[in-house]
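This is what each chain is made of:
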Amino acid sequence: MKILSWLVGLLVALALLGIVVAWVWARPDAVGDFLENAAVPQGAAAGDLIAVEPYSLDVPDGAEAWRIIYVTTREHGDLAPASAVVMTPVDAIGPLPMVSWAHGTTGVVAGCAPSVFAPFANVPGVPKLLDAGWAYVATDYVGLGTEGGHAYLVGRESAQGVLDAVRAAVDMDAVDLLPETVVWGHSQGGGVALWAGLIAPDYAPEITVAGVAGLAPASDLPALVETARSGLFGKIVSSYLMASYSQTYPEIDRSAYVGGLAGVLASDIAGRCVGGRETLFSVAETMLLPAGGIFQSDPKEGALGARLADNVPLGAYAMPVLVAQGDEDDLVLEPVQAGFVAQLCADGQDVDYLTFAGRDHVSLVAPDSPLIGPLMDWTAARFAGSPAEGCAFND
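Note that the structure is a prediction, hence the values are computed from the model and not measured.

Student: Just give me the short version of the layout of surface pockets, but keep the residues and values in it.
Tutor: Here the largest pocket defines a volume of roughly 540 Å³. Lining the largest pocket are 25 residues, with Thr105, Asn122, Phe233, Val274 and Val362 sitting closest to its centre. Sorting the residues of the lining of the largest pocket by element identifies helix H3 (114-117), helix H7 (221-228) and helix H8 (232-248) as the ones contributing at least two each. Here the residues of the lining of the largest pocket sort into eleven nonpolar, 13 polar and one charged.

Student: Lay out the pattern of salt bridges in plain terms, naming residues and giving numbers.
Tutor: As enumerated under the stated definition, the model contains twelve salt bridges in all. With a shortest N-O distance of 3.1 Å, Glu226 and Lys300 are connected by a salt bridge. With a gap of 74 residues between them, Glu226 in helix H7 and Lys300 in the loop between helix H10 (279-286) and helix H11 (302-310) connect regions that are remote in the sequence. Because the salt bridges share partners, they merge into one network encompassing Glu226, Arg229, Asp298 and Lys300.

Student: Quick one: what's the story with the state of the cysteines, residue by residue and with numbers?
Tutor: Summed over the entire model, instances satisfying the criterion amount to two disulfides. A sulfur-sulfur distance of 2.1 Å marks the disulfide that ties Cys112 to Cys273. Negative torsions about the S-S bond denote left-handed disulfides, and the value of about -95° found for Cys112 with Cys273 makes this one left-handed. With Cys112 in the loop between strand S4 (96-102) and H3 and Cys273 in the loop between helix H9 (260-270) and H10, the pair connects residues that are 161 residues apart, well separated along the chain.

Reading guide: rules and limits
- Residues numbered from 1 in each chain as written.
- Predicted model: local features only at pLDDT ≥ 70, side-chain atom pairs only at ≥ 80, totals over all residues.
- Heavy atoms only, no water.
- 1 Å grid on protein atoms, 1.4 Å probe; cavity = no way out; pocket = protein on both sides within 12 Å on 5 of 7 lines; lining within 4 Å.
- Points joined across faces, edges and corners; volume = space filled by probe spheres on them.
- Helix = DSSP H or I, 4+ residues; strand = E, 2+ residues; numbered from the N terminus.
- Nonpolar A, V, L, I, M, F, W, Y, C, P; charged D, E, K, R; others polar.
- Salt bridge = Lys/Arg side-chain N within 4 Å of Asp/Glu carboxyl O.
- Disulfide = S-S within 2.5 Å.

Everything listed here is a matter of geometry and, on its own, says nothing about what the molecule does.
In C-alpha cells, the structure reads:
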C-alpha cells in the first residue's frame, strides 16, 4: 500500500508539474529589444516616427517590410509609443496609397502584438493588395508590442493608433507614401476601423481617409457582450474586456462584475494571448467558468454598461463605409450587425452592407473568402474617388 500511495503521489506531483510547465509555456513571448526599449522622446507629438527596423516575418515574396515605432495618443490624452508593420511591393514607384489594417483580438498584454508572432493572420487579400500597388500599414495598437496595457475595445484609442501609424509611415525615408488610406479591420479591428472613420477629420485632418471597411466588426458592444458571453471565445473576450475597461476607466469596479473563481480565471486568461497553441490553455480554463460566462452582474448596467455604449461607433462619417458579415458568425451575430447598419442608414450614412452565406467569424476573412473580390473593388473605387451610392444591402 505504501508503494501504491507513493506512486499516486508521484503521478499527482507530475501532473501538477505538467500544469505549471504548460502555464509558463503559455505566457506571451518576449517582444525583443526593439519594442522593449520603445519610449516617447521629449517634445514628440502624435504621429511622430521614432524608429524603423527591417522586418521579414512571413513577408510574402515580392514585398519588403519594416517595423516602426511611433507616437500615438491614449484614451485620456497621454502620449505613448506603439508599433506597426509597413509593407510595400518590391521596387514600387510611389507615391503609394495605403491600406491601413486594424487587427482582431490577440490579447491585452505585451507580447500579443501581431508583429511578434503572426503579422498577416486573418488579413484578407494580401497578395491582391500588393498586386494592386498599394502599401500596407498595420498597427499593433498600444500595449501589445509596447508596454502600458492595451485598451481593448476602447474604440477611440485604437483608432488614434491606426491614424498615427499612417502619419508615421508617410514620414519614412525608405518608401514614398501618400497621406491617403482606406482602413480595413476585422472583429475588434472592424470596430476600430469604424472609429478611425469617425475621428479622422478632427484627429488627423492631414490624412485623407477615403473609406473604412469593417469586417464582422465589434460594433454594437452591449449586444455583442450579451450574445457572446456564454460562448467559448466569448468568455475569453469577456476576460480581456474586464481587464481593459477596469484599467482604462477608473469608475469601473471590476469586483462589481466579476468575482470568486471566475474572477481568478478571467485574470489569468487576460494575461495570455490568443491565436497560437497557447490558446488551448485559455480554452481549458473557460471549461471551469460558469456556463453563462464570467459576469456575476449584468455587464450592460452601471459604469461598465455606460462605457460599452460610449464605444459604439455611431456618428457622422465623412467617407463611405463598408460593413461585411458572415451569416454563420456565432460571435458577432448577423442580426446584431444588421441592426447596427440599419441605425447608420437611418442616420443618413452611406453604407454598403455585404453578407456572405456560410461564412463564420474567421472564414469571412480566409484566403478563399468571396469577400476579397468585392473588398478589393470597393477599395479601388475609394482610391479612384468614386462617390458612394447611398445605403445598400446585398441581400
